[in-house]
Amino acid sequence: MSDKITSKQLLGQLLQKHYDEALEAKKRGELVAWSTSIAPNEFCETMGIHVVYPENHAAAIGAKGGAIPLLETAEGLGYSVDLCSYARINLGYIKTLDCVADNIPLPDFIICCNNICNTLIKWYENIAAQLSIPMIMIDVPFNHERQVTQARVEYIKAQFTEAIGMLEKITGKDFDYERFYEVMRISAESCRYWKHAMSLAQQVPSPLNGFDIFNYMALIVCMRGKQGCIDTFKLLSEELEESIRQGRGAFKEGEKHRIMWEGIACWPYLGHNFKTLKSYGINMVGSTYPDAWALLYEPGDLDAMARAYSSIVNNCCLEQQVEYRTGVIKDFRCDGTIYHLNRSCKIMDFLQYEQQRQIAPATNVPFISFDGDQTDPRNFAQAQFETRVQALVEMMEEQKKAANNSQGGVEHV
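Figured I'd write up the structure that's included with this text.

### What to know about the overall build of the protein chain
Counting secondary structure elements, the protein chain contains 15 helices and eight strands. In summary, the protein chain has a C-alpha radius of gyration of 21 Å against a globular reference of 22 Å for 413 residues, a match within 12%. In terms of its C-alpha atoms, the protein chain occupies a principal-axis envelope of roughly 75 × 55 × 45 Å. The proportion of buried residues among the 413 residues of the protein chain is 54%. Considering only residue pairs separated by 6 or more positions, the protein chain has 78% of its internal contacts joining residues 24 or more positions apart. Carbon and sulfur atoms provide 52% of the accessible area of the protein chain, an area that totals close to 17900 Å². Mean positive and mean negative side-chain charge positions of the protein chain (40 and 52 charges, respectively) differ by 3 Å.

### Notes on the pattern of salt bridges
Applying the stated criterion across every chain yields a total of 23 salt bridges. A salt bridge links E154 to K157; the shortest N-O distance between them is 3.6 Å. Placement of both E154 and K157 in helix α7 (residues 150–171) is noted, with a separation of three residues, approximately one turn of the helix. According to the relative accessible area criterion, K157 is buried, its value standing at 18%.

### Some remarks on the sheet that holds strand β7 (residues 336–342)
Sheet strands associate in pairs through backbone hydrogen bonding, adopting either a parallel or an antiparallel arrangement. Strand order in the open sheet formed by four strands is β6-β5-β7-β8, and the pairing between neighbours is parallel. Looking along the sheet, the strands with just one partner apiece sit at the ends: β6 (282–287) and β8 (367–372). Sheet twist, expressed as the average angle between the axes of neighbouring strands with direction ignored, equals 30°. Bridge count for strand β5 (residues 257–262) against β6 is five bridges, and the pairing is parallel. Residue pairing in the sheet places M260 in a bridge with G286 of β6. In this fold helix α13 (residues 318–331) packs onto β5, β6 and β7, with an angle of close to 160° to the strand it touches most, β5. The strands touched by helix α15 (residues 382–406) within the sheet are β5, β6, β7 and β8, with β8 carrying the most contacts at an inclination of about 170°.

### Details of the pairing of β7
For β7, the tally of buried residues reaches seven of seven residues, placing the bulk of the element in the interior. Here β7 shows no split at all, with G336, I338, H340 and N342 on one side and T337, Y339 and L341 on the other all buried. In terms of strand pairing, β5 meets β7 through four bridges, oriented parallel. Residue pairing in the sheet places W261 in a bridge with I338 of β7. Read from β7 through helix α14 (residues 346–363) to β8, the crossover connection turns out right-handed.

### Considering the environment of P107
Along the chain, P107 turns up in the loop between α5 (85–96) and β3 (109–113). Considered as a pair, P107 and W194 are 87 residues apart in the sequence and their alpha carbons are 28 Å apart. Leaving out residues up to four positions away in the same chain, P107 has contacts with K26, V32, A33, W34, L131 and I133.

### What about α15?
Between its terminal C-alpha atoms α15 stretches 36 Å, which fits the 36 Å expected from 25 residues at 1.5 Å a residue. Close packing links the buried residues of α15 with β5, α11 (270–279), β6, β7 and β8.

### Here's the deal with helix α1 (residues 7–27)
Taking 1.5 Å of rise per residue, the 21 residues of α1 would be expected to cover 30 Å, and the 30 Å separating its terminal C-alpha atoms lies within 8% of that figure. Of all the residues in α1, the buried ones are S7, L10, L11, L14, L15, H18, Y19, A22 and A25. In an axial view of α1, the angular spread of the buried residues amounts to 165°, which keeps them on one side of the axis. Looking at the buried side of α1, the elements it contacts are β1 (32–35), β2 (50–52), α3 (54–63), α9 (210–222) and α10 (227–245). Two residues or fewer after α1 comes G29, characterised by a positive phi angle close to 85°.

Parameters at a glance
Residues numbered from 1 in each chain as written. Predicted model: local features only at pLDDT ≥ 70, side-chain atom pairs only at ≥ 80, totals over all residues. Heavy atoms only, no water. Helix = DSSP H or I, 4+ residues; strand = E, 2+ residues; numbered from the N terminus. Rg over C-alpha atoms; globule rule 2.2 N^0.38 Å. Buried < 20%, exposed > 50% of the residue type's maximum accessible area, 1.4 Å probe, protein only. Contact = heavy atoms within 4.5 Å. Areas by Shrake-Rupley, 256 points an atom, 1.4 Å probe, with all protein chains shown as cover. Lys, Arg positive; Asp, Glu negative; His and termini not counted. Charge placed at Lys NZ, Arg CZ, Asp CG, Glu CD. Salt bridge = Lys/Arg side-chain N within 4 Å of Asp/Glu carboxyl O. Pairing = 2+ DSSP bridges. Axes fitted to C-alpha atoms, helices over the stretch in contact; angles between N-to-C directions. Right-handed = clockwise from strand over helix to strand, strands pointing away. Expected span 1.5 Å × (residues − 1). Arc of directions from axis to C-beta.

As structure tokens, this is what we get:
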């Protein structure tokens, strides 16, 4: 038996270390911050501050089946069931400080960046008020145009400067710009390996089961400024490239259909969703969700860094969102699309209806949608998901049959 560590084992070790070190730092009296998932972590990493991500934490709680007690605690405090379930789980956790996943220490300050969602602002304002702690806010305007204007770049960079000043005040230390450059280099390289690993799912058959992407994603969220993140995704890429060389797909039984998954994972039912799709030979090979953390820029270029944090797909105009998803379907050779109508992400879900209307004729690929939630299990029905997937399979098979007939019996790939 080989003693060589796998990328999945390394992933588990690093995530456990991430949580353990935050708890130990808090016990030693060191500063701990909470941050939104796509805030610039380069600043805190430069200052040596331990950062924990409530969205990651809430997802882990949901995946382990422990969401309901914390959701009910938050709702008992007056928070509406219509609010984001990540927020409700986190606000419930602040009250109980106990969960089925690893516990996290309360923060000494928080960092909020609204490039994925404006709900985050009110959520984090509530945390700051409740705990009486400072809040660093980085406001990223929505891009109604196709590019991030220079005026927006200057606006975001000014907030970077303000954030650095606040961190110097909170820590009592000067900001180390040489260290900052090195962190930028590590972060950018982590993101390049992350994007490369995801791109390998374009192969047919895919060496990667797309639901594994959701699990690996935790690391790019919380540790992209650390060398271990590079090591993990470099190793993952090597493993996938070896599978490609040997002609191995993610499914031993074979890959019958390839789909794009639109939206956040349904964490409480991740296993159910995966097994249902796998039973039909469906592999989720493409998704817009994980690619949001492919933050590519040249180290030392603050303009490029500002553009990267402003250019994620959630923050782009509808035309670009449609083009991006159309590109995923075509590049990953998807036979169908599944849209997760996530009750926690109402604005993005409303956009899905128009996305479906434009993407379907542009790709000639069938789609289905299902009702769910990222972490509130009360908003998902297994039977609905299963019947919708069955309908998608019938549409994909009918379309492949029609394509095969139109090519005179030659197998359609």
